[in-house]
Number of protein chains: 2
Amino acid sequence: MAVNLPLPIPEKLTAVSGIELGHAEAGIRKANRKDVLVMKLANTATVAGVFTKNRFCAAPVQLCKEHLGALKADAPIRALVINTGNANAGTGEAGLANAQETCNALAKLLDCAPTQILPFSTGVILEPLPVDRLVAGLPQAIENLQEDNWYNAAQSIMTTDTQPKAASRQVVINGQTITLTGISKGAGMIKPNMATMLGFLAFDAKVAQPVLEKLTRDVADRSFNCITIDGDTSTNDSFIVVATGTAGVEVASTDTPEYAALYAAVLGLSQELAQMIVRDGEGATKFMTVTIEEGKDAEECRKIGYSIAHSPLVKTAFFASDPNLGRILAAIGYAGVEDLDVSKINLYLDDVWVAKNGGRNPDYQEADGQRVMKQSEITIRVKLGRGKADATIWTCDLSHEYVSINADYRS
Amino acid sequence: MAVNLPLPIPEKLTAVSGIELGHAEAGIRKANRKDVLVMKLANTATVAGVFTKNRFCAAPVQLCKEHLGALKADAPIRALVINTGNANAGTGEAGLANAQETCNALAKLLDCAPTQILPFSTGVILEPLPVDRLVAGLPQAIENLQEDNWYNAAQSIMTTDTQPKAASRQVVINGQTITLTGISKGAGMIKPNMATMLGFLAFDAKVAQPVLEKLTRDVADRSFNCITIDGDTSTNDSFIVVATGTAGVEVASTDTPEYAALYAAVLGLSQELAQMIVRDGEGATKFMTVTIEEGKDAEECRKIGYSIAHSPLVKTAFFASDPNLGRILAAIGYAGVEDLDVSKINLYLDDVWVAKNGGRNPDYQEADGQRVMKQSEITIRVKLGRGKADATIWTCDLSHEYVSINADYRS
């Protein structure tokens, strides 16, 4: 039921020099399924990440933060390892030991220190990670390592996703072509901070560590942190950006034209990958862009945007193509913006002016609302009339299928 | 699909002296349906209310607040008027004028001032109230006025409710029997502040205005403000307590044994009425009690309780009777309690100890979780291990039926 989600074409996913990808079928949860991915990085690479704010963050997330937090120049991150089928979350000390064992095993195979490995897991929470099967699958993944393997990589990190999510693009900086490729996964338990379950993006420019960290945070705030499917923030969400440093272009600081060009390219690709998650939202039949304008600050715009995007009543009305648009006003009203003057609010559905100064627009015709509601892509636009800030959130509708998928997820 | 929701038996709903109820079929939205209710009060009555915090609060809610805020001793509230089929919300100035016109018309019929009337509406938002039909129905409602008419009253305020919600009880204070009867409605767009769409409760003791106001606020915080179905706070939520003052018992201050006895009775009845709303939650198949214990303060307990109770993933797992209990840990983790130490958290499902010190309890058997998940009434108990505060939230599961109801609500 994905909404206008392009199936990635393997030949169009461009290899990024300095990063090799290898997949394996380790039987973590089910047999005959790609469920382990290793990404091996050139020793020129820098890596930055943004992680879930869930207090029950998974054991691998804890190790990722630890390894990235104690980075040394002479011991860069050399590989990422991702498993599906088990989140290794809510698993206590044993879970941490299992994540550590995964790092140890891969480090041994790649001849580096365990702190140079970043581990990731996704899947069911509160169940012990079958670390023996995971470790046993690593040699197969290493055998498969190659730069031109992004399609298999995208497949290897899927859980309830209906199809792999991947995209590539290029940008010319100082006359030199920089290649960017990324993959993402996730279709439920999706909420800001972090919104994705997993997103990995690599490019071949060289970027200093602090610069890459700022770029990653800023991009996340305008891409993976702007999507929501069901308001559930996962324990495992991670967004990782890798600069392999093999292309001969260097971005040394944030106030350069090179940075601006790179930022725009990374942001564009990240938004594309993030929106793919929404387009593949569990049971989604509609893709909705919620834009809040004329706010006092971006924070209140985001609050109102999420309030609309999380409302089960709004989401079911969109599923039904029913212009029951008062539900949007209700969601604006309970967003928690205390001094909101509703008499200044205007609401548009695409080009249709629905609510004017807090009440129904006298010129609004239900037939016009109905016309827009039947589309598969719809923009909800709210003007607050109290400032100049804005924010955009992407979300999907709530269907019977969402309930079916989540009632059956483990079976 | 209501969960153990008792059908009220008309003969068991006890009349409360000093309050008469009259219903009408005014054709507000559909023909041949009780959709208007008038509650006429003795001139000895005091009235207090708690209302939605939604900024888009409906026109009648605005008038209710105005009338209760400017109460004068010689001009008490004389009547309540409720219509279903239209919320008169998101209707701007015209909506306010229509609510005012309703008060004017009823005041004329009852020979009092319009400020002595409290108006309520529930139904679709953003559509003009057909005030002419409402006003035309008032004489019929007045003709039907009688004290022993609570069952019809409960029917008259239904929208997507599958059955009327009403209950009575009695309490003896100073040797005298006080009778309490209440009705409630609501089955979706249900979230704390206020959690109910509409709740009305009356008893025949005499209570001074400031005492009744405190009693109403305190009771709401432990009943109607502790339930959630879908996290959507309505524009029209109202909870009203009427003390008719006809029984010869007076409660003059809050620090008396009389107050304690009355408070316990009102709270018990209010919790019963509030839980009925959850039991009739749109599409509900399970009734869940979420109890958070050992918190630093009640606020953080409520935060975590609502986080669990609002999680679509938790709710669908309960619908499926699938003990996918890691979803509960995830919801605890993203509740927004910043300094939460998850290693101190214990989770129980009824009598089954699921998570111990933040990880899976080694003694936990999935068969035990499965056994509890199959029940229609389940308690989720979380011990935070950081204090002495607690809170309880009542909620229901999320089923296909919820989506169907809300995709079809207007049709």
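Residues numbered from 1 in each chain as written. Chains lettered and ligands numbered in written order. Predicted model: local features only at pLDDT ≥ 70, side-chain atom pairs only at ≥ 80, totals over all residues. Heavy atoms only, no water.

Going by an unreviewed UniProt entry, chain A carries the name Arginine biosynthesis bifunctional protein ArgJ and comes from Oxalicibacterium faecigallinarum. Under the UniProt heading Subunit (unreviewed entry), the note attached to chain A is "Heterotetramer of two alpha and two beta chains." (UniProt positions renumbered as here; feature names shortened; annotations may be inferred.)

Visitor: Would you mind showing me how to read the overall build of chain A here?
Guide: Assigned secondary structure in chain A consists of eleven helices and 18 strands. Here chain A has a C-alpha radius of gyration of 22 Å; the compact-globule value for 411 residues is 22 Å, and the two agree. Referenced to the eigenvectors of the C-alpha coordinate spread, the extents of chain A come out at roughly 70 × 50 × 40 Å. In chain A, which comprises 411 residues, the proportion classed as buried is 63%. Within the structure as shown, chain A displays about 14000 Å² of accessible surface, and the carbon and sulfur contribution to it stands at 48%. Of note, chain A has its 38 positive side-chain charges centred 3 Å away from the centre of its 47 negative side-chain charges. (Helix = DSSP H or I, 4+ residues; strand = E, 2+ residues; numbered from the N terminus. Rg over C-alpha atoms; globule rule 2.2 N^0.38 Å. Buried < 20%, exposed > 50% of the residue type's maximum accessible area, 1.4 Å probe, protein only. Areas by Shrake-Rupley, 256 points an atom, 1.4 Å probe, with all protein chains shown as cover. Lys, Arg positive; Asp, Glu negative; His and termini not counted. Charge placed at Lys NZ, Arg CZ, Asp CG, Glu CD.)

Visitor: Explain the sheet that holds strand 10 (residues 227-228) of chain A here, please?
Guide: Residues and elements named next belong to chain A. Pairing within the open sheet is mixed, and its seven strands lie in the order 10-18-13-17-14-15-16. What marks the edges here is a single partner per strand, and that holds for strand 10 and strand 16 (359-360). Of the pairings in the sheet, the one linking strand 14 (residues 346-349) to strand 17 (residues 377-383) comprises four bridges and is antiparallel in character. Paired with Asn346 across the bridge in strand 17 is Lys383. In this fold helix 6 (residues 257-279) packs onto strand 10, strand 13 (287-295), strand 17 and strand 18 (389-396), with an angle of close to 45° to the strand it touches most, strand 18. (Pairing = 2+ DSSP bridges. Contact = heavy atoms within 4.5 Å. Axes fitted to C-alpha atoms, helices over the stretch in contact; angles between N-to-C directions.)

Visitor: Explanation requested: the sheet that holds strand 6 (residues 165-173) of chain A in the structure shown.
Guide: Within a beta sheet, neighbouring strands are joined by backbone hydrogen bonds and run either parallel or antiparallel to one another. All names here are of chain A. A sheet is described by the order of its strands in space; here five strands give the open sequence 3-11-8-7-6, paired in mixed fashion. Because the sheet does not close on itself, it has two edges, and the strands there are strand 3 (46-51) and strand 6. Ignoring strand direction, the axes of neighbouring strands in this sheet form an average angle of 15°. Relative to strand 11 (residues 238-243), strand 8 (residues 198-203) runs parallel, the two sharing six bridges. Looking at the pairing, Leu198 lines up with Ser238 of strand 11. Against the sheet, helix 1 (residues 59-69) makes contact with strand 3 and strand 11, and its axis sits at roughly 135° relative to strand 3, the strand it touches most.

Visitor: Help me understand the interface of chain A and chain B, please; the structure alone is not making it clear to me.
Guide: Where interface size is quoted, it is often the accessible area lost as the parts come together. Listed as interface residues are 57 residues of chain A and, on the opposing side, 57 residues of chain B. Between chain A and chain B lies a buried interface of about 4700 Å² when both sides are counted; carbon and sulfur atoms form 61% of it. Summed over the shared surface of chain A and chain B, the result is zero salt bridges. Here chain A and chain B share 15 residue pairs in polar contact (both at pLDDT 80 or more) between them. Secondary structure elements with two or more residues in the side of chain A that touches chain B: helix 8 (312-319), helix 9 (326-333), strand 16 and helix 11 (400-408) of chain A. (Buried area = accessible area lost by both parts, 1.4 Å probe. Salt bridge = Lys/Arg side-chain N within 4 Å of Asp/Glu carboxyl O. Polar contact = N/O pair within 3.5 Å; in protein donor to acceptor, adjacent residues only side chain to side chain.)

Visitor: Even after reading the chapter, I still don't get the UniProt feature "binding site: substrate" (unreviewed entry) in chain A, so can you show me in this structure?
Guide: Residue and element names in this part refer to chain A. UniProt's feature table lists "binding site: substrate" (unreviewed entry) at Thr159, Lys185, Thr196, Glu282, Asn406 and Ser411, given in the numbering used throughout. Along the chain, Glu282 turns up in the loop between helix 6 and strand 13. The buried category is assigned to Glu282, whose relative accessible area is 5%.

Visitor: Is there a simple way to explain the relation of the copies chain A and chain B in this structure?
Guide: Copy one and copy two of the chain differ by a rotation about a common axis and a shift along it. Rotating chain A by 180° and moving it 0.0 Å along the rotation axis overlays it on chain B with an RMSD of 0.0 Å. A rotation of that kind, with that shift, is consistent with a two-fold axis. Nearest to the rotation axis, the C-alpha of His400 of chain A is located 2.5 Å from it, this being the minimum over chain A. (Least-squares fit on C-alpha atoms with pLDDT ≥ 70 in both.)

Visitor: Sorry if this is basic, but what is going on with the domain arrangement of chain A here?
Guide: Residues and elements named next belong to chain A. Split into domains, chain A comes out as domain 1 (10-279) and domain 2 (287-408). In this assembly, 17 residues from domain 1 lie in contact with 14 residues from domain 2. Where domain 1 abuts domain 2, roughly 1300 Å² becomes buried across the two surfaces, and 60% of that area is made up of carbon and sulfur atoms. Sorting the residues of domain 1 by area buried against domain 2 places Cys226, Thr228 and Arg279 first, and these three jointly supply 37% of that buried surface. Our count for the domain 1 to domain 2 interface comes out at one salt bridge. Ionic pairing is found between Arg279 and Glu377, a salt bridge with its closest N-O pair at 2.5 Å. Between domain 1 and domain 2 we count five residue pairs in polar contact (both at pLDDT 80 or more) in total. For the side of domain 1 that touches domain 2, the secondary-structure elements that each account for two or more residues are strand 10 and helix 6. (Domains from an automatic or database assignment.)

Visitor: Explain unusual backbone geometry to me, please; I cannot follow it from the model alone.
Guide: Leave glycine aside and you will find that most residues have negative phi; peptide bonds, for their part, are mostly trans. Residues and elements named next belong to chain B. One non-glycine residue, Asn32, lies in the positive phi region at around 55°. In this fold, Asn32 is placed in the loop between strand 1 (19-24) and strand 2 (36-41). Non-glycine residue Ser321 carries a positive phi angle of around 55°. Within the fold, Ser321 resides in the loop between helix 8 (312-319) and helix 9 (326-333).

Visitor: Looking at this structure, how should I read the confidence of the model for chain A?
Guide: The predicted structure's coordinates, where accompanied by low pLDDT, should not be read in detail. Looking at chain A as a whole, the pLDDT averages 91, with 95% of positions reaching at least 70. Overall, residues 191-196 of chain A carries pLDDT values under 50, and its contacts beyond four positions in sequence, including any with other chains, amount to 36 contacts. (pLDDT = per-residue confidence, 0-100.)

Visitor: Could you clarify how one ought to interpret helix 7 (residues 298-310) of chain B in this entry?
Guide: Each α-helix turn comprises 3.6 residues. Residues three or four places apart therefore point the same way. For helix 7 of chain B, which comprises 13 residues, the first-to-last C-alpha distance of 18 Å matches the rise-based estimate of 18 Å (1.5 Å per residue) to within 8%. Buried residues of helix 7 of chain B: Glu300, Cys301, Arg302, Ile304, Gly305, Tyr306, Ser307, Ile308 and Ala309 of chain B, and no others. (Expected span 1.5 Å × (residues − 1).)

Visitor: Any chance you could explain the environment of Ala166 of chain A here in plain terms?
Guide: Topologically, Ala166 of chain A is positioned in strand 6. Taking the C-alpha atoms as reference, Ala166 of chain A lies 9.7 Å from Gly199 of chain A; in sequence the two are 33 residues apart.

Visitor: Just to check I follow, could you spell out the packing of aromatic side chains for this structure?
Guide: The geometry of an aromatic ring pair comes down to the distance between the two centres and the angle between the two planes. All told, the structure shown has eight aromatic pairs over all chains when counted by the stated rule. Arranged with centres 5.0 Å apart and planes meeting at 85°, the rings of Phe120 of chain B and Phe200 of chain B form a pair that is edge-to-face. You can see Phe120 of chain B sitting in strand 5 (residues 117-124) and its partner Phe200 of chain B sitting in strand 8 (residues 198-203), a full 80 residues away along the chain. Taking relative accessible area as the criterion, Phe120 of chain B reaches 2% and is therefore assigned buried. Residues Tyr259 of chain B and Tyr263 of chain B carry aromatic rings whose centres are separated by 6.1 Å and whose planes lie at 20° to one another, so their mutual orientation is stacked. You can see Tyr259 of chain B and its partner Tyr263 of chain B sitting in helix 6 (residues 257-279), four residues apart, about one turn around the helix. Pair check on accessibility: Tyr259 of chain B and Tyr263 of chain B agree, each one buried. In this structure, Arg381 of chain A is placed above the aromatic ring of Tyr348 of chain A, and the distance from its NZ or CZ to the ring centre is 4.8 Å. It is Lys356 of chain B that lies over the ring of Trp353 of chain B; its NZ or CZ is 5.0 Å from the centre. (Phe/Tyr/Trp six-rings, centres within 6.5 Å; stacked < 30°, edge-to-face > 60°. Lys NZ or Arg CZ within 6 Å of the ring centre and 35° of its normal.)

Visitor: Where do I start with the pairing of strand 1 of chain B in this structure?
Guide: Two faces make up the sheet, and in a regular strand the side chains alternate between them. All names here are of chain B. Here strand 1 lies mainly inside the structure; five of its six residues are buried. Where strand 1 and strand 2 come together, six bridges link them in antiparallel fashion. Note that in strand 2 the partner of Ala24 across the bridge is Val36.

Visitor: Can you help me understand the pattern of salt bridges in this one?
Guide: Note on pairing: side chains with opposite charge can pair once their charged atoms come close. Residue and element names in this part refer to chain A. Tallied over the full model, the rule gives 22 salt bridges over all chains. Arg371 serves as the salt-bridge partner of Asp351, at 3.8 Å between the closest nitrogen and oxygen. Residue Asp351 is located in the loop between strand 14 and strand 15 (352-356), and its partner Arg371 is located in helix 10 (residues 366-373); the two are separated by 20 residues in the primary sequence. A single salt-bridge network, built from bridges that share partners, covers Lys296, Glu300, Asp339 and Arg386.

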